[in-house]
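Observations on the three-dimensional arrangement
Each chain, written out:
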Amino acid sequence: MDFQNRENFLNKLAERMGRPRQTVPEPMPKWVNNHPTTRLTDRTQEQLCNEFVDFSRVMMADVVIAKENELPQTMLDICEKYGGGKVIINNDKRLVELGITPILQAKFDSYVWDFNAGDENIAKAEQANIGVVYGEYGLAESGGVVLFSDKEFGRSVSLLPEKSVVVLRKSTVLPRVAQLAKILHDKAQNGERMPSCVNIISGPSATADIELIKVVGVHGPVAKIYLLIDDL
């Protein structure tokens, strides 16, 4: 459609709607309140974490809290509780530094995401019983965890295995998604490399039919486990 045809089309459309063409956007309406940016921001970090845990459990996620020095054994306990078997782990140095990747490699049939392996990663994720990833942030309002995708952090690790474990620090729990948006905005303004994808996950996959009968595990993990590091 060339410029003249577009103008004629829009003029006719405005005429049929009974109002003149609007070529200048209307100003944004004044906010009734500032809840989007201030809700839950009056909480202490410990209070935010408590709300995050409570809401996560409402969303059918299993929350396990451990000190940093307890993480390797706690991760083993989680994997054994959820059936062990094949485990896939994101190639995340933070998981290595916490002792999680080495202990899983020693005790289970484990595979670490390899960017150079291509589709083999997807096949390994499909075959895995448990996927282990590191979460960037938690959201107190929704019980959601935030995952940043990267060539070393495959989305399939948290989506394809039957069970999914997210390691998350208490100190990184945010009030709500407004604070996450501010963090991402600041990263972009500072010229930092942005994640290829931002996933916000709240509990295991679930859906409900017209009668609101909830079914878990329809299009993703049937169990979601948050391993929350008590670093406060």
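Report on the accompanying structure. (Residues numbered from 1 in each chain as written. Predicted model: local features only at pLDDT ≥ 70, side-chain atom pairs only at ≥ 80, totals over all residues. Heavy atoms only, no water.)

**So, helix 3 (residues 45-58)**
- The end-to-end C-alpha distance of helix 3 is 20 Å, a good match for the 20 Å that 14 residues give at a rise of 1.5 Å each.
- Buried within helix 3 we find Leu48, Cys49, Phe52, Val53 and Ser56. Buried residues of helix 3 fall within an arc of 135° about the axis and therefore sit on the same side. The exposed residues of helix 3 that point more than 90 degrees off its buried face are Asp54 and Val58.
- The first or second residue beyond helix 3 is Met60, which carries a positive phi of 75°. (Helix = DSSP H or I, 4+ residues; strand = E, 2+ residues; numbered from the N terminus. Expected span 1.5 Å × (residues − 1). Buried < 20%, exposed > 50% of the residue type's maximum accessible area, 1.4 Å probe, protein only. Arc of directions from axis to C-beta.)

**Some words on the packing of aromatic side chains**
- For the structure on display, the rule yields two aromatic pairs.
- Look at Phe52 and Tyr226: their rings are 5.7 Å apart centre to centre, the planes differ by 20°, and that puts the pair in the stacked class. A residue pair is termed long-range when its members are at least 10 positions apart, and Phe52 in helix 3 and Tyr226 in strand 12 (residues 223-229) qualify at 174 residues. In this pair, the class of Phe52 matches that of Tyr226, namely buried. (Phe/Tyr/Trp six-rings, centres within 6.5 Å; stacked < 30°, edge-to-face > 60°.)

**Re empty space enclosed by the protein**
- Under the definition given, this model contains one cavity of 30 Å³ or more.
- If you add up the space inside the largest cavity, you get close to 90 Å³.
- Lining the largest cavity are 13 residues, and of these Asn90, Leu147, Phe148, Phe153 and Gly154 sit closest to its centre.
- For the lining of the largest cavity, the secondary structure elements donating two or more residues are strand 4 (130-134) and strand 6 (144-148).
- For the lining of the largest cavity, the class distribution of residues is five nonpolar, five polar and three charged. (1 Å grid on protein atoms, 1.4 Å probe; cavity = no way out; pocket = protein on both sides within 12 Å on 5 of 7 lines; lining within 4 Å. Points joined across faces, edges and corners; volume = space filled by probe spheres on them. Nonpolar A, V, L, I, M, F, W, Y, C, P; charged D, E, K, R; others polar.)

**Some points on the environment of Asp150**
- Mapped onto the secondary structure, Asp150 falls in the loop between strand 6 and helix 8 (156-159).
- Sequence separation between Asp150 and Arg169 is 19 residues, and the spatial gap between their C-alpha atoms is 19 Å.
- A polar contact of 3.0 Å, which involves the side chain of Asp150, links it to the backbone nitrogen of Glu152. (Polar contact = N/O pair within 3.5 Å; in protein donor to acceptor, adjacent residues only side chain to side chain.)

**Section: helix 9 (residues 177-189)**
- Between its first and last C-alpha, helix 9 extends 18 Å over 13 residues, near the 18 Å set by a 1.5 Å rise per residue.
- Within helix 9, the full set of buried residues consists of Gln179, Leu180, Leu184 and Lys187. Projected down its long axis, helix 9 carries its buried residues within an arc of 140°, all on one side.
- For helix 9, the elements touching its buried residues are helix 2 (35-38), strand 5 (137-139), strand 6, strand 8 (173-174) and strand 9 (198-201). (Contact = heavy atoms within 4.5 Å.)

Keep in mind these values describe shape, not function.
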